[in-house]
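Descriptive analysis of the structure
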Amino acid sequence: MTEPRHTPLHALHLELGAKMVPFAGYELPVQYPMGVMQEHQHTRAHAGLFDVSHMGQIVIRGDNYADAAQALEALIPADVLGLAENRQRYGLLTSEEGGILDDLMFANRGDHLFLVVNAARKADDLAHLRARMDGVEITEITDRALLALQGPAAEKVLAPLAPEVAGMRFMDVASPRIDGIDCWVSRSGYTGEDGFELSVPADRSEELARKLLAHEEVAPIGLGARDSLRLEAGLCLHGHDIDEDTTPVEADLGWSIQKLRRQGGAREGGFPGAEIILSQFTEGPARKRVGLRPEGRAPMREGVTLFAEAEADTPVGRITSGGFGPTVGGPVAMGYLPVELATPGTTVHGELRGRRLPLTVTALPFTPANFKR
């Protein structure tokens, strides 16, 4: 059995009393002594600091930005070429069958593209990019940590250390010096809250983390609260809510495919699975990702089978993510249902411990986004 990898902040997590668990080949904090519920609520009310250094950081360079952008557009159904300098977008790596190989962030850094990909997929993504992109240089960044400072107080915490971040809007990127440390910063995150993701030289990451944690508004947050925060925000987790058997349209991620890459657009198609994905925009998918609110207090988690009626014999779908939503004050879930059952207000039933219990189809997100537009 392979020993789990450690991030540059591993010793700090142990010092802070974190409970460590294996995740995507790493040993990472699932919670701290505050506990998942309070960590979740602290992030929504103040600011939480997450270690996301396990994520993949990739730089793609061509002779110029347009070269790198055109090469990436051949692999993802998004407008990369038209992305303004120092802006970031959410995108999907698709398969020839129209499935989602990974979801990622990509940023226009002037003379190159900067990508952040999922930890469990980074080796596969690198191999995929290198096998299919010609005339560009693809570099995995292995000497930098990645921190996420999330919550309504994030700007208040970070701006005294780097005043220019106060002028950033959601999905802006910049390269400020934060307390003397050269950082790559995006105003983004995966909690539904305002916040920043900070790529930091690995050998300075603990220094910066300690500086941020010294602020009265900031607490360390583990994977447990990260999951409940992104679930309330209606955000997908690859390998659970989206995978190679799920198309972007089924996953309700069609918004990530700009009009010029769709049918009739200036750069229509030209990405893996285009025929299948684009046909679903016009014909509609057979199933769709939906929000679900179980009745009562018992959470329904991933894998719970869904039925149209309490007495039905044939399942119609399954839950892909589920748990207790501390901000919502009750259980929340996401899953897939046939489109005819995907309308908010529809009642379906989930099988939990041998009983069929009702859930209501609900619009996503469960908690309104709080981004700085």
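All of the points below concern the structure found in this document. The structure displayed is predicted, hence computed values, not measured ones. (Residues numbered from 1 in each chain as written. Predicted model: local features only at pLDDT ≥ 70, side-chain atom pairs only at ≥ 80, totals over all residues. Heavy atoms only, no water.)

Turning our eyes to something else, we now look at the sheet that holds strand β20 (residues 347-352). With antiparallel pairing, the 6 strands of this closed barrel are ordered in space as β16-β19-β18-β17-β20-β21. The mean inter-strand angle of the sheet, taken between neighbouring strand axes irrespective of direction, is 45°. Examined bridge by bridge, strand β16 (residues 287-294) and strand β19 (residues 330-338) share 6 bridges and lie antiparallel to one another. Paired with R287 across the two strands is P338, which belongs to β19. Along the sheet, helix α7 (residues 223-232) contacts β18 (317-325) and β19; its crossing angle with β18, the most-contacted strand, is approximately 115°. (Pairing = 2+ DSSP bridges. Helix = DSSP H or I, 4+ residues; strand = E, 2+ residues; numbered from the N terminus. Axes fitted to C-alpha atoms, helices over the stretch in contact; angles between N-to-C directions. Contact = heavy atoms within 4.5 Å.)

We now examine the pairing of strand β9 (residues 144-150). A large share of β9 lies buried, amounting to 7 of its 7 residues. Side-chain alternation along β9 places R144, L146, A148 and Q150 on one buried face and A145, L147 and L149 on a second face that is also buried. One ladder, built from 7 bridges, connects β9 with strand β14 (residues 195-201); its direction is antiparallel. Following the sheet pairing, L146 is matched in β14 by S199. (Buried < 20%, exposed > 50% of the residue type's maximum accessible area, 1.4 Å probe, protein only.)

The next subject is the side chain of D241. One can find D241 in the loop between α7 and α8 (274-283). In this structure D241 comes out as buried when scored by relative accessible area, which is 0%. A polar contact of 2.6 Å, which involves the side chain of D241, links it to the side chain of T320. (Polar contact = N/O pair within 3.5 Å; in protein donor to acceptor, adjacent residues only side chain to side chain.)

Our focus in this paragraph is α8. Those residues of α8 not exposed but buried are A274, I277, L278 and Q280. In a view along the axis of α8, the buried residues occupy a sector of 150°, so they form one face of it. In this structure, α8 carries E275, T282 and E283 as exposed residues pointing more than 90 degrees from its buried face. The secondary structure elements touched by the buried residues of α8 are β5 (88-94). Of the residues trailing α8, G284 is marked for its positive phi of about 85°. (Arc of directions from axis to C-beta.)

With 5 bridges connecting them, strand β1 (residues 19-23) and strand β2 (residues 26-31) associate as antiparallel partners. Paired with F23 across the bridge in β2 is Y26. The antiparallel hairpin formed by β1 and β2 contains 2 residues in its connecting segment, where A24 sits at a positive phi of about 50°.

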